[in-house]
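Structure at a glance
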Amino acid sequence: MAGIRLSGVRKSFGDVAVVHGVDLDITDREFVVFVGPSGCGKSTLLRMIAGLEDITGGEIAIDGRVVNELDPKDRDVAMVFQDYALYPHMTVFENMAFSLRYRGVARAEIRQRVEQAARVLDIGHLSQRMPRQLSGGQRQRVAMGRAIVRDPKVFLFDEPLSNLDAKLRVQMRTEIKLLRERVATTTIYVTHDQTEAMTLADRIVILNHGRIEQIGTPEEVYETPATVFVAGFIGTPPMNLLPVKLGGSGQITLGDRTITLPESRTRVIAGMPDVLLGIRPEHLIWHTGGEPPLLSGHAVVVEPLGSDTLVSLDIAGTPVIARLPPRLVRKAGEAVLLAADPENLHFFDRTTGRRL
């Protein structure tokens, strides 16, 4: 088992910089997920750790040893790719055993390791099948088994579920979670799917344009997003972000409505000239009287989901989504009055995008 340290890691393709000085410490046996939109540098960073991509600057250390100049085969990492990369002319057993045979491992030990990995992944009954005879989920299990038999210091997953259909992705997420309990190895998992990141990770590294926006547990990045980008990326639907004007005595103006904040929230935004108000759809609740509503408007789109309903409305030209109990709003055009606990309001500097 091993920890990983990235120090000032940079990558450029010619004059184009794609990774900008990444610093990151991953502890032994930790499951870390790199997440971000396409082109943010997450797969490039993973490939540099694996040794499949040269680094332009900085240092990568695995288990305390700098590996910048080491070939991939000498880094003691195992990688699971998006496209499975199975040998079509080999059986499941042969695919899983190939890397061990290449390293000259004794035949008896190869069989023991392959059979043990097959039991963990519940694919022992498939050992004599060819890849073309397997489903997508079964092929991905074989690819994972091929990594497990090597007993590496680090597992690297590069968007392993992106080729699967929605139902199978959910199933495989559960399989990976169970595998994590059975084989506790330092793991880096790359995905563009924030649901995968939230459900699998010990910690999430959110990347944007080759830079780290935030590092934290799933709860931390969801409950206290560090930037506007994180607020809009993490969460389904994402956080609503609305421009507000600040007044005196803890007041903010949103569209044609003025709201007075409690002192605990007023201190956060005191003296800021340009502020974005953030609130998650599930923190907008149906207004039942008492204090004036936080938001009011008419439903533009109503999406019943069974357990709840997504209601879209327009607030002073800014679209807002609320996650409400079913049947409160049934169709577009109905009046919507919404309230929120002030403690669930987030504020961001509109100029820098940083959390206040």
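Source: prediction; values computed, not measured. (Residues numbered from 1 in each chain as written. Predicted model: local features only at pLDDT ≥ 70, side-chain atom pairs only at ≥ 80, totals over all residues. Heavy atoms only, no water.)

Turning next to the overall build of the protein. From N to C terminus, the protein includes nine helices and 20 strands. In terms of its C-alpha atoms, the protein occupies a principal-axis envelope of roughly 75 × 45 × 35 Å. Relative to its 356 residues, the protein shows a buried fraction of 47%. A sequence separation of at least 24 residues applies to 67% of the contacts in the protein between residues at least 6 apart. When the accessible surface of the protein is split by element, carbon and sulfur atoms take 49% of a total near 17,000 Å². Taking the average place of the 42 positive charges on the side chains of the protein and the average place of its 43 negative ones, the gap between the two points comes to 5 Å. (Helix = DSSP H or I, 4+ residues; strand = E, 2+ residues; numbered from the N terminus. Buried < 20%, exposed > 50% of the residue type's maximum accessible area, 1.4 Å probe, protein only. Contact = heavy atoms within 4.5 Å. Areas by Shrake-Rupley, 256 points an atom, 1.4 Å probe, with all protein chains shown as cover. Lys, Arg positive; Asp, Glu negative; His and termini not counted. Charge placed at Lys NZ, Arg CZ, Asp CG, Glu CD.)

Of note, Ala-226 is situated in the loop between α7 (218-223) and α8 (228-233). By relative accessible area, Ala-226 is classed as buried at 17%. Considering only alpha carbons, one finds Ala-226 and Gly-216, ten residues apart in sequence, at a separation of 9.9 Å.

One open sheet accounts for five strands, arranged β13-β12-β11-β14-β20; its pairing is antiparallel. Strand pairing shows two members of the sheet lacking a second neighbour, β13 (257-260) and β20 (346-349), which therefore form its edges. Here the average twist between neighbouring strands, direction ignored, is 40 degrees. Examined bridge by bridge, strand β14 (residues 275-279) and β20 share four bridges and lie antiparallel to one another. In the sheet register, Leu-276 faces β20, and the bridge partner there is Phe-348. (Pairing = 2+ DSSP bridges. Axes fitted to C-alpha atoms, helices over the stretch in contact; angles between N-to-C directions.)

Tallying each qualifying case throughout the model produces 15 salt bridges. The salt bridge involving Arg-5 is made with Asp-25; its shortest N-O contact spans 2.6 Å. Here the residue Arg-5 occupies a position in strand β1 (residues 4-13), and Asp-25 occupies one in strand β2 (residues 16-26), the gap between them amounting to 20 residues. Among the salt bridges present, the one from Glu-196 reaches Arg-169, with a minimum N-O distance of 2.7 Å. Here Glu-196, found in helix α6 (residues 194-200), pairs with Arg-169, found in helix α5 (residues 166-182); they are 27 residues apart in sequence, far enough to count as distant. Of the two residues, Glu-196 and Arg-169, both sit in the buried class. (Salt bridge = Lys/Arg side-chain N within 4 Å of Asp/Glu carboxyl O.)

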